[in-house]
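These are the residues of each chain, in order.
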Amino acid sequence: MKIELKDINGVAVVSIVGELDALSASELTGFFESRVGDSYINLVTDLEGLSYSSSAGIRIFLGLARSFRQKGGDLRIAAVMPPVEKIFKLSKFDRIVKVFPSVEDAVTSYDE
Amino acid sequence: MPLSGWPYAALIIVILLLLYIIRKYEKNLQEEKLRNEKSRVLKAESDFTKTRKEYLEVLDSLQDGYVETDKDGIISHVNLPFLGELGYSSGEEVVGKRFWDLTRKKYAKDVSAKFEALLETGLAPERFETGFYGKDGRHFIGEVALSPILDQELTVGTKATIRNSTQRFEAEREMAVQKDFLDELLQQTPVAVVIIATNRKISFVNASFEELFGYASREAIGERLENLLSSPEIQEELKECSANYQDERIFLSGRRKTKGGGLTDVEVFAQRFFVGSRNYGHLVFYSDISLRVKAEEVLRMARDLAERDLEMGREMQSGFFPQTLPALPGWDVFTYFNAARQVSGDFYDVFPIGNQGYHGFVVADVCDKGVGAALFMVLLRSLIRSYSEQHQEERGVDKLLHQIAVKVNRYIVETHGQSNMFATLVLGILDPATNRLSYINGGHDAPLLLDTSGNIRKVLEPGGPAFGFTTDLPFEIDELEFLPGELLVAFTDGLTEAKNLAGDFYSDERLLKEVARSWPSAFSTVKHLEVDVRSHIGKQDQFDDITLLALRRCLPGETPSHRFSRKAELTNLPLFRNFVVEACQHMGVDVAITETFRLAVDEVCSNLITHGYKDLEIGEIGLLVKQMKNEIVVEVEDSGHPFDTGTVEVPELGNDITERKIGGLGVFLVKEMVDEMSYESMEGRNFLSLKMRC
């Protein structure tokens, strides 16, 4: 798994490339703790390169959505691929977070 | 009244007496005065002597030398320190000489001229340095401060203080040498050096700078560096010119403009330049790397070309591997091949021969690796195929096999003897009608025949030399008959000699241990060994090609199924998931169902790994993928705590995020996705069966 953090207009944009399961989940959690931490209010995850996710991924995103909303911000998700979209729908996670077609859309959505 | 005689006489006597007394008194007074004056002179003389003595003592206590001369420059006094410097023990050795008699001969004229000038003008000359010459060849450099001794504006002599400046003089000379050295170093170094003063203008450039950029020192000094070296073609700003780098050093490579207008590749190193705490601006170094850049470019092109060739070679070579394995009813074949380099020497082949249903099987390992081995592999494979075709009408499998082996070997020995290439190989011909395999093992690692329980029934030992060695040795033909469910595994030594990071081989022992199981399919055997050897290799580079071929006689009317098992550890989670995906793909299962099983197996295995073996010794998770008539079934088996997934409550999936529970989601997803789910636990083993209709 490859994880990268970019700052776009003060929004933390984290791109995740690879497969997300119970094994790689701890790597992703560690990344959020060490690299994103409390430095940002608003978060976008770029999932264009995420070819697969199990419920371990949903668990992380759910936790992130909670903690970012608690501090007055949000988690928004961009560019979801079909296998991941399927699990988002199945788990009804897509009702909880806002999903955007692109990173740009997700980032600018914070301006509204 | 008349005066009588005696009173006058008495008066005169008194007067005379008075006169006498006065005279006497006056004399005494004068004597007293003389006496006083004498003592004052004595006192003054004594005071003077005393003062002079103190004065001389003070002079002697000085660190500097002190000399007095008369107006002819003849020494009248020297202090002790100066005597000491010159090595004399008493002033008498020096007093009476002229001052410049004490200097080294080459300075004498100069020094006497300074004395003359002083005596003429009465003005002290500037301090000057001169060499002194003393007793026994002793000498030192002294700094002399010469001044007149005046008496009523008249110069009556000179006094001089002399400070020994030998050390300072030598230090200065050393510094001058060092400065020259540094100057030379700066000038001669092949690195172009620029100093930018605090006013941002160039204050120094060396010869290499002049040479590299074409600007003479006088053209560069006073200019701004960016005006000389920047150009519109250089998109970036010149960091070394503009950046106000405080502590940071700049190290970069880029292009800079030369006076001629061309661009040159340079490496730039720049740093603030301090002496003590004082900032002297910036120091910038440029190394000319244009040659290196050119060489790298050429090298990169050559490498690209070689890589392209190699890539083309690999593509062409992969055309010599069977693209799909021929369908053999009642038989099950699966292979694995992984090249250590882009082109390789291992190969396998499975091909039909003639029209009687015969099938040829080859697993070969060409000595050496790389392009030469690949070429030889291509030759060998083509020879086997073409002689097979040529002799397909031969009566009997053994005769056919013998013809192929002998002809292939002879061709290599006779035509390519000089290249000393050879290959170990197993060549077998299967006759499905009799379930018999006739084979020749030419010096190759012995394939293994396993019975349905996974016991080794036969080891296919070599019966002849490697191909390409000699035409003098015979190839012995052996044969075996497959019983239903029996499986043959052939491999190359890339498998058993695969090394891990510690340098340990995968080994024959491990292969024998891992392969000794009951296998439901050739796919299962090959996948298991592939996963196992890859986990052994870990992060180590793969040194040799790895080839595996499994051939299995199916059981009558059996359901195609594939099995996989690994320890219930989190690191194996992707392996479980991938096995199910590959098994589905191997069986031609529809993509949507494959995706569903991928997620379902992942969720189930994650739970088993995390909870199933809590407080128990970690066991294995087994997967069985079965292709039934109208459904695909995946069975997950474990030996941990029994846990019926079906009894798990569906988590709250409301829209309110704060109410959502985080656990239990995985099981919910599995239930939601699969068509049927059942659970069974017996004798310490648990079976979860997932079904998808197709």
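All values derive from a computational prediction rather than experimental measurement. (Residues numbered from 1 in each chain as written. Chains lettered and ligands numbered in written order. Predicted model: local features only at pLDDT ≥ 70, side-chain atom pairs only at ≥ 80, totals over all residues. Heavy atoms only, no water.)

Turning to the overall build of chain A, a few remarks are in order. Scanning chain A for helices and strands turns up four helices and six strands. Starting at the N terminus, the α and β elements of chain A follow one another as β-β-α-β-β-α-β-α-β-α. A globule of 112 residues ought to have a C-alpha radius of gyration of about 13 Å, and chain A, at 13 Å, matches this closely. Here chain A holds 112 residues, and 52% of them are scored as buried. Summed over its atoms, the accessible surface of chain A is roughly 5,000 Å², and 49% of this surface lies on carbon and sulfur atoms. (Helix = DSSP H or I, 4+ residues; strand = E, 2+ residues; numbered from the N terminus. Rg over C-alpha atoms; globule rule 2.2 N^0.38 Å. Buried < 20%, exposed > 50% of the residue type's maximum accessible area, 1.4 Å probe, protein only. Areas by Shrake-Rupley, 256 points an atom, 1.4 Å probe, with all protein chains shown as cover.)

Attention now moves to the pairing of strand β14 (residues 423-431) of chain B. All names here are of chain B. Here β14 lies mainly inside the structure; nine of its nine residues are buried. Neither face of β14 is open: one carries Ala423, Leu425, Leu427, Ile429 and Asp431, the other Thr424, Val426, Gly428 and Leu430, and all of them are buried. In this structure, strand β13 (residues 358-366) lies alongside β14, joined through eight bridges in antiparallel fashion. Directly across from glycine 360, in β14, lies its bridge partner isoleucine 429. Where β14 and strand β15 (residues 436-442) come together, seven bridges link them in antiparallel fashion. (Pairing = 2+ DSSP bridges.)

It is worth spelling out the layout of surface pockets at this point. Residue and element names in this part refer to chain B. Approximately 560 Å³ is the volume attributed to the largest pocket. Lining the largest pocket are 29 residues, with Leu325, Asp332, Val333, Phe334 and His586 positioned closest to its centre. Elements represented by at least two residues in the lining of the largest pocket include exactly β11 (331-338), α14 (522-537) and β21 (561-567). Of all the elements, β11 adds the most residues to the lining of the largest pocket, at seven residues. Looking at the lining of the largest pocket residue by residue, the class counts come to 15 nonpolar, nine polar and five charged. Split by domain, the lining of the largest pocket shows at least three residues from each of two domains, domain 5 (320-558) and domain 6 (564-694). What lines the second largest pocket is a set of 22 residues, among which Asn607, Leu608, His611, Phe643 and Val667 lie closest to the centre. Contributions of two or more residues to the lining of the second largest pocket are made by α16 (591-612), β23 (631-638) and α17 (665-673). When residues of the lining of the second largest pocket are assigned to their parent elements, the largest contribution, six residues, is made by α16. (1 Å grid on protein atoms, 1.4 Å probe; cavity = no way out; pocket = protein on both sides within 12 Å on 5 of 7 lines; lining within 4 Å. Points joined across faces, edges and corners; volume = space filled by probe spheres on them. Nonpolar A, V, L, I, M, F, W, Y, C, P; charged D, E, K, R; others polar. Domains from an automatic or database assignment.)

This part takes up the sheet that holds strand β2 (residues 75-78) of chain B. All names here are of chain B. Read across the sheet, five strands follow the order β2-β1-β5-β4-β3 without closing on themselves; strand pairing throughout is antiparallel. This sheet does not close on itself; its edge strands, each paired only once, are β2 and β3 (128-133). Strand-to-strand twist across the sheet, computed as the mean angle between neighbouring axes with direction ignored, equals 35 degrees. Pairing between β3 and strand β4 (residues 139-151): six bridges, direction antiparallel. Paired with tyrosine 133 across the bridge in β4 is histidine 139. On the sheet, helix α1 (residues 5-61) packs against β1 (65-70) and β2 and is oriented at approximately 130 degrees with respect to β1. (Axes fitted to C-alpha atoms, helices over the stretch in contact; angles between N-to-C directions. Contact = heavy atoms within 4.5 Å.)

Next up on the list: empty space enclosed by the protein. Summary: where empty space remains is shown by rolling a probe the size of a single water molecule over the atoms. Summed over all chains, the structure comprises four cavities of 30 Å³ or more. What the largest cavity holds in volume is close to 110 Å³. Grouping the constituent residues of the lining of the largest cavity by class yields 13 nonpolar, one polar and no charged. By volume, the second largest cavity amounts to about 60 Å³. Put simply, the parts of the chain that give the lining of the second largest cavity at least two residues each are β4 (50-53) and α3 (82-90) of chain A together with α16 of chain B.

Here we come to the side chain of threonine 158 of chain B. Looking at the element boundaries, threonine 158 of chain B is found in strand β5 (residues 154-164). Excluding residues that lie within four positions of it along the chain, threonine 158 of chain B makes contacts with Val67, Glu68, Thr69, Asp70, Phe115, Leu118, Leu119, Leu146, Ser147, Pro148 and Ile149 of chain B.

Residues Leu47, Phe61, Ile77 and Phe88 of chain A together with Phe597, Ile621 and Leu623 of chain B are the most contacted members of the largest nonpolar core, which totals 91 residues. With nine residues, α16 of chain B is the largest single contributor of residues to this core. Split by domain, the residues of this core number at least three in each of domain 5 (320-558) and domain 6 (564-694) of chain B. (Core = buried A, V, L, I, M, F, W, Y, C linked by side-chain atoms within 4.5 Å.)

Let us now look at the domain arrangement of chain B. Partitioning chain B into structural domains gives domain 1 (1-61), domain 2 (62-169), domain 3 (189-288), domain 4 (291-318), domain 5 (320-558) and domain 6 (564-694). Using only C-alpha atoms to locate each centre, domain 3 of chain B and domain 5 of chain B end up separated by 66 Å.

What follows concerns the confidence of the model for chain B. Predicted confidence across chain B gives a mean pLDDT of 88, with 96% of residues reaching 70 or more. Within chain B, the element-level pLDDT minimum falls on helix α8 (residues 239-242) of chain B, averaging 78, and the maximum on strand β19 (residues 487-491) of chain B, averaging 98. (pLDDT = per-residue confidence, 0-100.)

With that settled, the discussion passes to the interface of chain A and chain B. When the parts of a complex come together, some accessible area is lost, and that lost area is often used as the size of the interface. Taken together, the 24 residues of chain A in the interface contact 29 residues of chain B. Summing both sides of the interface, chain A and chain B together bury roughly 2,200 Å²; the carbon and sulfur share of this comes to 60%. If you sort the residues of chain A by the area they bury against chain B, Tyr52, Arg66 and Leu90 of chain A come out on top, with a joint share of 25%. For the pair chain A and chain B, the interface holds three salt bridges. One salt bridge in this structure joins glutamate 19 of chain A and arginine 598 of chain B, with 3.3 Å as the shortest N-O distance. (Buried area = accessible area lost by both parts, 1.4 Å probe. Salt bridge = Lys/Arg side-chain N within 4 Å of Asp/Glu carboxyl O.)

Attention now moves to helix α1 (residues 22-36) of chain A. Given 3.6 residues per turn, any residue in an α-helix points the same way as the ones three and four places further on. Residue and element names in this part refer to chain A. Taking 1.5 Å of rise per residue, the 15 residues of α1 would be expected to cover 21 Å, and the 21 Å separating its terminal C-alpha atoms lies within 8% of that figure. Turning to α1, the residues buried within the fold contact β1 (2-8), β2 (11-20), β3 (42-46) and α2 (55-70). Taken from the residues just after α1, glycine 37 is the one with a positive phi, measuring 50 degrees. (Expected span 1.5 Å × (residues − 1).)

On to helix α13 (residues 508-515) of chain B. Residue and element names in this part refer to chain B. Listing the buried residues of α13 in full gives Leu511, Glu514 and Val515. Down the axis of α13, the buried set is contained in an arc of 90 degrees. They therefore lie on one face. Among the exposed residues of α13, those pointing more than 90 degrees away from its buried face are Glu509 and Lys513. Next to the buried residues of α13 lie β16 (448-450), β19, α12 (493-496) and α14. (Arc of directions from axis to C-beta.)

Taken as a whole and assessed by the stated rule, the structure comprises 44 salt bridges over all chains. The residue lysine 89 of chain A makes a salt bridge to glutamate 85 of chain A at a minimum N-O spacing of 3.5 Å. With lysine 89 of chain A and glutamate 85 of chain A both in helix α3, this residue pair falls four residues apart, about one helical turn. Linking glutamate 595 of chain B and arginine 598 of chain B is a salt bridge whose minimum nitrogen-to-oxygen distance equals 3.2 Å.

Here the focus is the environment of glycine 254 of chain B. Residues and elements named next belong to chain B. Residue position: glycine 254 is located in strand β8 (residues 250-257). The exposure class assigned to glycine 254 is buried, which follows from its relative accessible area of 13%. Not counting residues within four places of it along the chain, the set of residues in contact with glycine 254 comprises Thr264, Asp265 and Val266.

All names here are of chain B. Their axes nearest at 11 Å, the elements α13 and α14 cross at an angle of 140 degrees. In terms of axis orientation, α13 runs oblique to α14. For the crossing formed where α13 meets α14, the hand is right-handed. Contact residues: α13 offers Arg510, Leu511, Glu514 and Val515, while α14 offers Thr525, His528, Leu529, Asp532, Ser535 and His536. Residues that form the contact of α13 with α14 fall into these classes: three nonpolar, four polar and three charged. (Parallel < 35°, antiparallel > 145°, perpendicular 65-115°, else oblique. Left-handed = near helix turned anticlockwise from the far one by under 90°.)

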